[in-house]
Amino acid sequence: MKNVVVLGKGDLCIKICEWFKKHENLKYVVPVIPEPHWTESLVDWCEVNQIDYVKSGNYRDLPKDRKIDLAFSCFYDKIVKNDFIEKCVRILNLHNSPLPLYRGMRPINWALKDKRQEHGVTIHEITPGIDDGPIVSQVRFSIYPDFEEVEDVYLKALNYGYTLFLETMPILDVIEAKKQTGEIIYHSSLDNNLLGDREGYRRDLKTK
């Protein structure tokens, strides 16, 4: 069984932790701290299930001598540096876009602002760059910017993302990750002010 560390936040991250607890050796969780108020608490899940977690929310506070066969990030909020990447036998991220489209922040918001008819979820290897690592698996699905809100597509992405995760993990060791190809779009948090009415979860409700 693999020694696994999960980094992240929210409902999907909790479901991923549950899968690793059942099928692998989930050693540590690194939650986003402070936790967002709009989703279930990963910290509470760890305490109920007696899983060790990093109270600071910083991956650098993981035990230094711990072997990590697999690190899996799901909506973690910090850029993982190369020294930690090299410590992991494998390190993956689940990103809410069909990479290389919409690397970086708020991919769903940008896809709707750009009136895309299709979006997706990608599991990719983490590299020192931002969301630019080789793709392990990907799913695409239709979206409807004329009437769907960010929260609608977000919930859809959670469902597709978990299905993608379930289909990927049993065959992970035989998947050959592929270099990202095609159109590249990247947005940082500095671009958020350009989102206009797509900045929040709903066009009539601005939230973080």
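Please refer to the structure higher up on the page.
Everything in this summary refers to the structure shown in the same document. Note that this is a predicted model, so its numbers are computed, not measured. (Residues numbered from 1 in each chain as written. Predicted model: local features only at pLDDT ≥ 70, side-chain atom pairs only at ≥ 80, totals over all residues. Heavy atoms only, no water.)

Spatially, six strands are ordered β2-β1-β3-β4-β6-β7 in an open sheet, and the strand pairing comes out mixed. Both edges of this open sheet fall to β2 (25-31) and β7 (135-142), since each of them pairs with a single strand only. Each adjacent strand pair in this sheet contributes to an overall mean axis angle of 15°, direction not counted. Across the sheet, helix α2 (residues 42-49) touches β1 (3-8) and β2, and the angle it forms with β2 is around 150°. Contacts from helix α5 (residues 150-168) reach β3 (68-74), β4 (88-95), β6 (118-125) and β7, with the element oriented near 140° to β7. (Pairing = 2+ DSSP bridges. Helix = DSSP H or I, 4+ residues; strand = E, 2+ residues; numbered from the N terminus. Axes fitted to C-alpha atoms, helices over the stretch in contact; angles between N-to-C directions. Contact = heavy atoms within 4.5 Å.)

To continue, consider a nonpolar patch on the surface. A cluster of nonpolar side chains, Ile79, Ile130 and Tyr186, forms an exposed patch at the surface whose accessible area comes to about 270 Å². On the basis of relative accessibility, which here comes to 41%, the residue Tyr186 falls in the partly exposed class. (Patch = residues over 30% accessible without salt bridge, like charges linked within 9 Å, V, L, I, M, F, W, Y side chains within 5 Å. Areas by Shrake-Rupley, 256 points an atom, 1.4 Å probe, with all protein chains shown as cover. Salt bridge = Lys/Arg side-chain N within 4 Å of Asp/Glu carboxyl O. Buried < 20%, exposed > 50% of the residue type's maximum accessible area, 1.4 Å probe, protein only.)

Take the nonpolar core next. Membership of the largest hydrophobic core comes to 46 residues, with the highest contact counts inside it found for Phe20, Leu26, Phe72 and Phe165. Residue contacts for Phe20: discarding those within four places in its chain leaves Val4, Val6, Asn25, Leu26, Leu70, Phe72, Phe165 and Met169. Counting 17 residues, the second largest nonpolar core, distinct from the first, contains Val30, Ile68, Ala71 and Phe84. (Core = buried A, V, L, I, M, F, W, Y, C linked by side-chain atoms within 4.5 Å.)

Moving on: the packing of aromatic side chains. Under the definition given, this model contains 14 aromatic pairs. A ring pair is formed by Phe20 and Phe165, whose centres lie 5.5 Å apart and whose planes are at 80°; its orientation type is edge-to-face. With Phe20 in helix α1 (residues 10-23) and Phe165 in helix α5, this pair connects stretches of sequence that are 145 residues apart. No difference in accessibility class separates Phe20 from Phe165, as the two residues are buried. Pairing Phe75 with Tyr154 gives two aromatic rings, centres 6.4 Å apart and planes at 40°, and the pair type is tilted. With Phe75 in the loop between β3 and α3 (82-87) and Tyr154 in helix α5, the pair connects residues that are 79 residues apart, well separated along the chain. Across this residue pair, the class does not change: Phe75 and Tyr154 are buried. The ring of Tyr53 carries the charged tip of Lys55 above its face, separated from the ring centre by 4.8 Å. (Phe/Tyr/Trp six-rings, centres within 6.5 Å; stacked < 30°, edge-to-face > 60°. Lys NZ or Arg CZ within 6 Å of the ring centre and 35° of its normal.)

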